[in-house]
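# What the coordinates show
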Amino acid sequence: PIMLSQTKFIHRDNLHYPFEERAMQFGDGVYEVIRIYKGNYYLMKEHIDRFFRSAEAVKIRLPFTKEELTNLLNNLIQKNVVTADAKLYLQVSRGSASRDHIFPVGIDANVYGYIQEQARNVTNLQDGVKAITERDIRWEYCYIKSLNLLPNVLAKQTASEQGAYEAILHKDGMVTECSSSNVYLIKDGTIYTYPATKRILHGCVRMRVEQFAKDLNIPFNEEGFTVEDIALADEMFLSSSTSEVLPIITVDDSKIGNGYPGPITRKLQRAYEEDAN
Ligand code: PDD
């Protein structure tokens with residue numbers, strides 16, 4: 001496999017990082033995950049825009065323009081002859097330098113990106129998944145796709161240990177998002193989700209879900225919802241580049257609605273499939 005390293009292409013075995021690397025020692029960097037369907041990026045522009053926004057927010061200077069990165073990522077698909085469903089992981093760190101909290105001077109950012117095959121999880125998409133609720137203990141700048149994922153990792157692990165797919169996070173009773181996806185509640189035909197403030201990641205799929213809802217004349221309400229509201233939900237679903245539009249059928253061992261994916265979720269799933277193909 002060929003990967004992107006800085007602005008060059010190298011064989012994956014030839015990637016070597018110094019032991020003092022700011023991504024490893026401080027989580028000092030940002031990343032993206034872009035879905036690939038049949039060898040084509042989905043929502044590429046949205047992801048690249050967010051990658052630049054994240055880097056700018058943490059004052060990391062990227063070694064390319066958006067156009068140059070687009071070309072590099074397209075070349076990466078060609079060099080690996082990707083034709084299947086897959087995903088790209090892309091990260092940038094502030095660089096490798098002698099350990100010091102203060103930004104190093106005269107050091108270039110470190111970029112790498114690689115592609116891995118990933119099939120769509122059709123069973124989950126069809127049947128829906130189980131979720132648990134967890135306190136959102138993350139920092140105030142969750143709109144930045146930061147490499148600091150310890151609270152997300154801990155929440156997802158707790159979910160996994162309880163046989164659940166995701167952890168629904170809440171701050172002061174308000175549901176923000178999940179550990180690695182956005183989350184939505186449907187009540188009386190309206191979709192509710194947390195507003196796109198600094199407290200959540202502005203999901204690229206979330207952006208599309210909002211558009212699908214508009215196209216389908218389904219009200220999309222960004223006032224958010226509470227943990228207590230979950231008991232009254234007709235339907236729930238989550239969204240991300242790897243999970244797509246995924247029905248949630250159980251939360252903390254209580255059924256959502258009748259315990260099966262609901263009709264509005266199904267409409268949004270169909271809209272997603274049409275959009276992604
Ligand atoms: N996660 N919220 C969080 C905290 C996320 O980490 C993600 C994505 C999303 C959904 O964003 P998008 O629709 O742009 O994929 C929301 C990626 C997939 C990951 O970390 O693997």
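For every chain, the first residue of the written sequence is number 1, and numbering continues from 1 onward in sequence order. It should be noted that, the model being predicted, local features are given only for residues of pLDDT at least 70 and side-chain atom pairs only at 80 or more, the latter also being counted only at that level, while totals for whole chains, interfaces and linings use all residues.

Put simply, the rule reads: UniProt positions are given in the numbering used here, feature names are shortened, and annotations may be inferred rather than shown by experiment.
As annotated in an unreviewed UniProt entry, the protein is D-alanine aminotransferase from Virgibacillus phasianinus. As stated in UniProt under Subunit (unreviewed entry), the record for the protein gives "Homodimer." What the UniProt record of the protein gives under Cofactor (unreviewed entry) is the line "pyridoxal 5'-phosphate".

### Description of the site of the ligand
Applied cut-off: Near residues are defined by distance alone, with the backbone-placed C-beta atom required to lie within 6 Å of the molecule or strand. Each helix is a run of DSSP H or I of at least 4 residues and each strand a run of E of at least 2, with the numbering of both proceeding from the N terminus. In this count, Pro and Cys sit with the nonpolar residues alongside Ala, Val, Leu, Ile, Met, Phe, Trp and Tyr, while Asp, Glu, Lys and Arg are called charged and the others, Gly among them, polar.
For the ligand, the set of nearby residues contains 15 residues, the closest of which are Leu201, Gly203, Cys204, Val205 and Ser241. For the shell around the ligand, the secondary structure elements donating two or more residues are helix 6 (204-215) and strand 13 (235-240). Of all the elements, helix 6 adds the most residues to the shell around the ligand, at three residues. Tallied by class, the residues present in the shell around the ligand amount to four nonpolar, nine polar and two charged.

### Concerning the domain arrangement of the protein
Defined as follows: Domain start and end points were adopted from an automatic or database domain assignment. Contact criterion: two residues are in contact if their C-beta atoms, reconstructed from the backbone, are within 7 Å.
By the assigned domains, the protein splits into domain 1 (2-117) and domain 2 (122-276). Counting residues at the interface gives 20 residues for domain 1 and twelve residues for domain 2. Those elements giving two or more residues to the side of domain 1 that touches domain 2 turn out to be strand 3 (29-37), helix 2 (44-57) and strand 5 (86-93). Tallying contributions element by element places strand 3 first for the side of domain 1 that touches domain 2, with eight residues. The residue inventory of the side of domain 1 that touches domain 2, partitioned by class, reads ten nonpolar, five polar and five charged.

### Digging into the packing of helix 6 against helix 7 (residues 263-276)
The cut-off we apply is this: In this description, a line fitted to the C-alpha atoms serves as the axis of each element, helices being fitted only across the stretch in contact, and the angle between N-to-C directions of two axes falls anywhere from 0 to 180 degrees. For classification purposes, an angle smaller than 35 degrees is called roughly parallel, one larger than 145 roughly antiparallel, one from 65 to 115 roughly perpendicular, and anything else oblique. If you view the pair so one helix is near and one far, a crossing is left-handed when the near helix is turned anticlockwise from the far one by less than a right angle, and right-handed when it is turned clockwise.
The interhelical angle for the contact between helix 6 and helix 7, taken along N-to-C directions, is 110°, at an axis separation of 10 Å. As far as their axial angle goes, helix 7 and helix 6 are roughly perpendicular. Here the hand of the crossing between helix 6 and helix 7 comes out right-handed. From helix 6, Arg208, Val209, Phe212 and Asp215 reach across to helix 7, where they touch Leu268, Ala271, Tyr272 and Asp275.

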